[in-house]
Amino acid sequence: MTKNITTLLFDFDGTLLNTNELIIHTFSTVLEKHFPNSYEREDILQFIGPSLKQTFETIAPLRTEELIKEYRELNLALHDEMVSVYDGVEETLYLLKNRGLKMAIVSTKKRDTILHGLRLMGVSELFDTVISLDDVENPKPHPEPILKALKELSSSAAESLMIGDNSHDIEGGKNAGVRTAGVAWSAKGEDFLATFKPDYMLQHISDLLELVKEETA
């Protein structure tokens, strides 16, 4: 028998906060400066999800740290004016918290940037823990970040759900033995995400309210 869902693990970028255009613009600016006319928007979409280290090591392994530094400085400068919250996110998160769900952020982003985004959204107090790039040796799709979150929440894999917009979230969830949910508003598209066979596909964040109710009925 499937255990009730008591624990929700959320990716951040592209799942709760719409940072897609910010990310694409930042990559485009940095890459155009160093590698003119080499990367189109479709090429850059593949960089959404992995950590910056994972991405820049594939592009220029000898210049990874330099490019990461440049990316982060520009991304931070543009952050607040280029991000937006997906429809219904704040309201749904508050409703889930009021139902007693444990909630965590599990992201490949640095902690300070995640915390800034959560403050911007006004939902910082809703999350029991935040697992960032700074907290692990191995980012998603390695199971380490998800398993670390479960340990901090005292939750089992069987009662937990990983929610995200990217293959790394789905694969990471499967690697950690938790159920997974893709989000149809992924920048890479629902069809792409469906190829990784998440257990659920959310058309809107509020779908979680019914999903949790069904699972706990």
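Residues numbered from 1 in each chain as written. Predicted model: local features only at pLDDT ≥ 70, side-chain atom pairs only at ≥ 80, totals over all residues. Heavy atoms only, no water.

**Student:** Explain the sheet that holds strand S1 (residues 7-10) to me, and be specific about the residues and the numbers.
**Tutor:** The 6 strands are arranged S5-S4-S1-S6-S7-S8 in an open sheet whose pairing can be described as parallel. The outermost strands of the open sheet, each flanked by one partner alone, are strand S5 (129-131) and strand S8 (200-202). Taking each pair of neighbouring strands and ignoring which way they run, the sheet shows an average axis angle of 25°. Both strand S6 (residues 160-164) and strand S7 (residues 179-183) contribute to a ladder of 4 bridges, which runs parallel. Opposite Met-162, over in S7, you have Thr-180 as the bridge partner. (Pairing = 2+ DSSP bridges. Helix = DSSP H or I, 4+ residues; strand = E, 2+ residues; numbered from the N terminus. Axes fitted to C-alpha atoms, helices over the stretch in contact; angles between N-to-C directions.)

**Student:** Account for the nonpolar core, with residues named and values stated.
**Tutor:** In globular proteins that are soluble, nonpolar side chains generally tend to be buried together. Core analysis: the biggest nonpolar cluster contains 34 residues, and Leu-8, Phe-10, Leu-16 and Phe-127 have the highest contact counts within it. Among the elements of the structure, S1, helix H5 (89-98), strand S4 (102-106), helix H6 (111-121), S6, S7 and helix H10 (207-216) are those that each provide at least two residues to this core. With 4 residues, H10 is the largest single contributor of residues to this core. Those residues in contact with Phe-127, other than ones at most four positions away along the chain, are Phe-10, Leu-16, Leu-93, Met-103, Ala-104, Ile-105 and Leu-118. Ranked by size, the runner-up nonpolar core spans 16 residues in total, among them Phe-27, Val-30, Leu-45 and Phe-47. (Core = buried A, V, L, I, M, F, W, Y, C linked by side-chain atoms within 4.5 Å. Buried < 20%, exposed > 50% of the residue type's maximum accessible area, 1.4 Å probe, protein only. Contact = heavy atoms within 4.5 Å.)

**Student:** Help me get a handle on the packing of helix H1 (residues 20-34) against helix H4 (residues 64-82), residues and values and all.
**Tutor:** The contact between H1 and H4 brings their axes to 9 Å, and the two run at 140°. When the axes of H1 and H4 are compared, the pair comes out oblique. Crossing angle aside, the handedness with which H1 passes H4 is right-handed. Where H1 approaches H4, its residues Glu-21, Leu-22, Ile-23, His-25, Thr-26, Phe-27, Thr-29, Val-30, Lys-33 and His-34 are matched on the opposing element by Glu-66, Leu-67, Glu-70, Tyr-71, Leu-74, Asn-75, Leu-78, His-79 and Met-82. A class-by-class count of the residues in the contact of H1 with H4 yields 9 nonpolar, 6 polar and 4 charged. (Parallel < 35°, antiparallel > 145°, perpendicular 65-115°, else oblique. Left-handed = near helix turned anticlockwise from the far one by under 90°. Nonpolar A, V, L, I, M, F, W, Y, C, P; charged D, E, K, R; others polar.)

**Student:** Could you give me a rundown of the packing of aromatic side chains, with the residues and numbers involved?
**Tutor:** Within the structure shown, the criterion is met by 9 aromatic pairs. Taking 6.1 Å as the distance between ring centres and 90° as the angle between the ring planes, the aromatic pair formed by Phe-10 and Phe-127 counts as edge-to-face. Here Phe-127 lies in the loop between H6 and S5 and Phe-10 lies in strand S1, a separation of 117 residues in the sequence. With 6.3 Å between their ring centres and 70° between their planes, Phe-56 and Tyr-71 make a pair best called edge-to-face. Linking Phe-56 in helix H3 (residues 52-59) with Tyr-71 in helix H4, this pair joins segments that are 15 residues apart in sequence. Here Phe-56 and Tyr-71 have matching classes, each one buried. (Phe/Tyr/Trp six-rings, centres within 6.5 Å; stacked < 30°, edge-to-face > 60°.)

**Student:** Describe unusual backbone geometry, with residues and values.
**Tutor:** Residue Pro-141 follows Lys-140 across a cis peptide bond; omega there is 15°. Secondary-structure assignment places Pro-141 in the loop between S5 and helix H7 (144-153). Its identity is not glycine, yet Asn-37 carries a phi of approximately 60°, on the positive side. By secondary structure assignment, the location of Asn-37 is in the loop between H1 and helix H2 (41-45).

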